[in-house]
Amino acid sequence: KVNLIIFGPPGAGKGTQAKFIVKKFNLFQLSMGDLLRDEVKNKTELGNKIDNLISKGNFANDEIVNQLLEKIITNQSYKNNIVFDGYPRTISQAKNLEKILSNENQSIHSIFFLNVPREIVEKRIMGRMTCEKCNITLNEFFNNEDEINNHKCGSEYLKKREDDNEKTIIKRYDEYMKKTKPVLDYYSSSNNFYEIDGGLKIDVITSKIDQILRV
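Values in this document were obtained by computation on a predicted structure and should not be read as measured data.

Colleague: Just checking my understanding: could you explain the side chain of asparagine 3 for this structure?
Modeller: Summarising the element assignment, asparagine 3 is placed in the segment before strand 1 (4-7). A distance of 3.0 Å separates a polar side-chain atom of asparagine 3 from the backbone nitrogen of asparagine 81. Among all residues touching asparagine 3, those that are not within four sequence positions of it are Asn80, Asn81, Ile82, Phe84, Leu101, Gln106, Ser107, Ile108, His109 and Ser110.

Laid out in C-alpha cells, this is it:
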C-alpha cells in the first residue's frame, strides 16, 4: 500500500496517469480540483466560498483545502492508499500534508512531476472535450475526426469545459509554474522524487511510472 503525489501543469495529463495508477494498484484518487468542484456542485457553504474564489481565477485558500484533505486522510478506508493528484500547490500545503499524514502514521512513497512545455499544454487544453455520459476525454488536435464524430455516446455529448479558453489557460499555466516551483524544489532533493517528460505518449509515461512503483 502506498501514498503517491503526482504533479504537472494544467493539461499535463496528471489526471489520466492518476486514473491508470488508481486502477492498477487499487488506490483512491484525491484530485483537489474534483473535491472542490463537488463542493461547488453540492452548493455547500464551503462550495459557495470556493466558487467565489475560482470564478475570479484564484486558487482555493489553504484553510479550505486543509478541511477537505483532513476528511479524506483520516478516513480509514483510504489509509496509505491515496494518489494526491496535483496537490500540494504550496510549501505550506506540503508541510501540512506531511503533518496530517504523520499524525495518521502515514507517509509518501513516490512523487512524480510530469513536466510539459506551455505550447503542448495549450493544445491539450484548448482541444479537450469530455463526454457528459461516459466521462472519456478526447482532443480535437490529437484524436482524429473519426474518433470524435463516431464517439459511441454520440459526438453531441462531447463538451468543452468553460474555463478551457486561451487567456485562462495561459494564466493558469504561468500561475501554476510560479506557485509550484518552490514545492517542486522542496521535494526534488528527496530520493523518491521523479521528473518525467510529460510530452511523451501517454502509455510511455504510464510504463515509466509503473516501473518505478514496482521497484
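On we go from here.
Colleague: Mind showing me how you'd approach the packing of helix 3 (residues 45-54) against helix 4 (residues 62-73) here?
Modeller: Helices that pack against each other are described as a pair by the angle of their axes relative to one another and the distance between those axes. Between helix 3 and helix 4, whose axes approach to 11 Å, the crossing angle comes to 135°. When the axes of helix 3 and helix 4 are compared, the pair comes out oblique. Here helix 3 and helix 4 pass one another in a crossing that is left-handed. In this structure, helix 3 uses Leu46, Lys49, Ile50 and Leu53 to contact helix 4, whose residues at the interface are Ile64, Gln67 and Leu68.

Colleague: Got a minute to help me understand the nonpolar core in this structure?
Modeller: Proteins that are soluble and globular tend to have nonpolar side chains buried together. With 30 residues, the main nonpolar core has Phe7, Met32, Leu69, Phe84, Leu97 and Tyr187 as its most contacted residues. Where this core is concerned, the elements lending two or more residues are strand 1, helix 2 (32-41), helix 3, helix 4, strand 3 (82-85), helix 5 (91-103), strand 4 (110-115) and helix 8 (166-188). With 6 residues, the single largest contributor to this core is helix 4. Setting aside anything within four residues of it in sequence, one finds leucine 97 in contact with Ile5, Leu69, Ile73, Phe84, Tyr87, Pro88, Ile108 and Tyr187. Core analysis: the second largest hydrophobic core is formed by 21 residues, Ala12, Ala18, Ile125 and Ile169 among them.

Colleague: Even after reading the chapter, I still don't get the environment of isoleucine 6, so can you show me in this structure?
Modeller: Along the chain, isoleucine 6 turns up in strand 1. As for isoleucine 6 and alanine 18, which are separated by 12 residues in sequence, their C-alpha atoms are 7.3 Å apart.

Colleague: Where do I start with the sheet that holds strand 5 (residues 128-131) in this structure?
Modeller: Sheets are built from strands that pair by backbone hydrogen bonding, the pairs being arranged parallel or antiparallel. Judged by pairing direction, the sheet is antiparallel, and its 3 strands sit side by side in the order 6-5-7 without closing on themselves. The open sheet terminates on both sides in strands that have one partner only, identified here as strand 6 (137-139) and strand 7 (158-159). Bridge analysis of strand 5 against strand 7 gives 2 bridges, and the strand direction is antiparallel. Following the sheet pairing, cysteine 131 is matched in strand 7 by leucine 158.

Colleague: Looking at this structure, how should I read the sheet that holds strand 3?
Modeller: Within the open sheet, the 5 strands sit side by side as 2-3-1-4-8. Their pairing is parallel. Whereas interior strands pair on both sides, the edge strands pair on one side only; in this sheet they are strand 2 (28-31) and strand 8 (193-197). On average, each strand axis in the sheet is tilted by 20° relative to the strand beside it, whichever way the strands run. Of the strand pairs in this sheet, strand 1 and strand 4 are connected by 4 bridges, and their pairing is parallel. Of the residues in strand 4, the one forming a bridge with leucine 4 is serine 110.

Definitions and cut-offs
- Residues numbered from 1 in each chain as written.
- Predicted model: local features only at pLDDT ≥ 70, side-chain atom pairs only at ≥ 80, totals over all residues.
- Heavy atoms only, no water.
- Helix = DSSP H or I, 4+ residues; strand = E, 2+ residues; numbered from the N terminus.
- Polar contact = N/O pair within 3.5 Å; in protein donor to acceptor, adjacent residues only side chain to side chain.
- Contact = heavy atoms within 4.5 Å.
- Axes fitted to C-alpha atoms, helices over the stretch in contact; angles between N-to-C directions.
- Parallel < 35°, antiparallel > 145°, perpendicular 65-115°, else oblique.
- Left-handed = near helix turned anticlockwise from the far one by under 90°.
- Core = buried A, V, L, I, M, F, W, Y, C linked by side-chain atoms within 4.5 Å.
- Buried < 20%, exposed > 50% of the residue type's maximum accessible area, 1.4 Å probe, protein only.
- Pairing = 2+ DSSP bridges.

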